[in-house]
Amino acid sequence: VVTRDDVEESLKAMWQYVKDKEQLLKDLHSQIEETDQRLSAKQAERDYWLEYKNVGSKAQAEKIMNLEKDIKEVKDDLHRTTEYYRNALKAVKEENDRMVERHMKFCKEQAPENAVRYLEKNSRREIEENEWLKEEVKVYQKEVSDLKASIQLLEEENISLVTKLIDSRLQNLRV
């Protein structure tokens, strides 16, 4: 038996779950911004070392290449991380939607039962009598259709008997 409090607690839990996921998303966005800032810093450093390299320092060329490699790795990491979190967020949203839909369907199924349970005895008895009457109406409708079919057969039989009788009288008259 699910009570209103249970439903409210469940909805609160779902709401808190969604809020937690939104907070996780905010945290992920801040991580992405931090990574973007690091990327900008690395690019500025790379620009500095490229300028230094162009001036003629061959000794720093290897460091510049390593920094460029680091920048490329950071970009790749950012791209992979962004894609991973985007897919994770999409999966979480889909799961949340499915859970909310399932919960709403369950609540809709339980609502009539809960409503009947909280009704007065007279109202509850009226509903039960109404259900019983609906079943009785179905039974009587079936009996009526059976009787109509029987009447139809009897009428057809009577018509054929009357036809035979008239035919035999006609033959007697001819004789």
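These figures come from a predicted structure and were not determined experimentally.

**Considerations on the overall build of the protein**
Helices and strands together make up the secondary structure of the protein, namely 3 helices and 0 strands. For the protein, the N- to C-terminal ordering of α and β elements is α-α-α. For 175 residues, the compact-globule formula gives about 16 Å, and the C-alpha radius of gyration of the protein, at 42 Å, lies well above that figure. For the protein, the spread of C-alpha atoms along the three principal axes comes to 140 × 55 × 15 Å. Counting only residues that meet the buried cut, the protein has 12% of its 175 residues in that class. Summed over its atoms, the accessible surface of the protein is roughly 14900 Å², and 55% of this surface lies on carbon and sulfur atoms. Averaged over its 33 positive side-chain charges, the protein has a centre that lies 3 Å from the centre of its 39 negative ones.

**What about the packing of aromatic side chains?**
Counted under the stated rule, the structure contains 1 aromatic pair. Aromatic side chains Tyr-84 and Tyr-85 sit 5.1 Å apart centroid to centroid with 70° between the ring planes, which places their arrangement in the edge-to-face category. The exposure class assigned to Tyr-84 is exposed, which follows from its relative accessible area of 54%.

**So, the UniProt feature "coiled-coil region" (unreviewed entry) in the protein**
When the UniProt feature table is mapped onto this chain, "coiled-coil region" (unreviewed entry) is found at residues 18-84 and 130-157. Annotated as 100% helix and 0% strand, the span residues 130-157 places its first and last C-alpha atoms 40 Å apart.

**Concerning the side chain of Asn-96**
Summarising the element assignment, Asn-96 is placed in helix H2 (residues 61-117). According to the relative accessible area criterion, Asn-96 is buried, its value standing at 8%. Setting aside chain neighbours within four positions, we find Asn-96 in contact with Met-14, Tyr-17, Val-18 and Lys-21.

**Section: the pattern of salt bridges**
Proximity of charged atoms lets side chains of opposite charge pair with each other. Throughout the structure, instances matching the rule amount to 8 salt bridges. Residue Arg-46 is joined to Asp-47 by a salt bridge in which the shortest nitrogen-to-oxygen separation is 3.5 Å. What makes Arg-46 partly exposed here is its relative accessible area of 26%. Residue classification places Asp-47 among the partly exposed positions, given a relative accessible area of 42%. For the salt bridge of Arg-80 with Asp-77, the shortest nitrogen-to-oxygen distance reads 2.3 Å. Taken together, the residues Arg-80 and Asp-77, both in helix H2 and 3 residues apart, mark about one turn of the helix. Relative accessible area serves as the criterion here: at 37%, Asp-77 is assigned to the partly exposed category.

**Comments concerning the environment of Leu-28**
For Leu-28, the position within the fold is in helix H1 (residues 4-55). Here the alpha-carbon distance between Leu-28 and Thr-82, two residues 54 residues apart in the chain, equals 8.5 Å.

**Things to note about a nonpolar patch on the surface**
A cluster of nonpolar residues, Val-162, Ile-166, Leu-170 and Leu-173, forms a patch on the protein surface that exposes about 390 Å² of accessible area. If you trace the backbone, Leu-170 turns up in helix H3 (residues 121-174).

**Some points on the environment of Leu-173**
Here Leu-173 shows up in helix H3. Judged by its relative accessible area of 69%, Leu-173 is exposed. Residues Leu-173 and Glu-83 lie 90 residues apart in sequence; the distance between their C-alpha atoms is 103 Å.

The rules behind the values
Residues numbered from 1 in each chain as written. Predicted model: local features only at pLDDT ≥ 70, side-chain atom pairs only at ≥ 80, totals over all residues. Heavy atoms only, no water. Helix = DSSP H or I, 4+ residues; strand = E, 2+ residues; numbered from the N terminus. Rg over C-alpha atoms; globule rule 2.2 N^0.38 Å. Buried < 20%, exposed > 50% of the residue type's maximum accessible area, 1.4 Å probe, protein only. Areas by Shrake-Rupley, 256 points an atom, 1.4 Å probe, with all protein chains shown as cover. Lys, Arg positive; Asp, Glu negative; His and termini not counted. Charge placed at Lys NZ, Arg CZ, Asp CG, Glu CD. Phe/Tyr/Trp six-rings, centres within 6.5 Å; stacked < 30°, edge-to-face > 60°. UniProt positions renumbered as here; feature names shortened; annotations may be inferred. Contact = heavy atoms within 4.5 Å. Salt bridge = Lys/Arg side-chain N within 4 Å of Asp/Glu carboxyl O. Patch = residues over 30% accessible without salt bridge, like charges linked within 9 Å, V, L, I, M, F, W, Y side chains within 5 Å.

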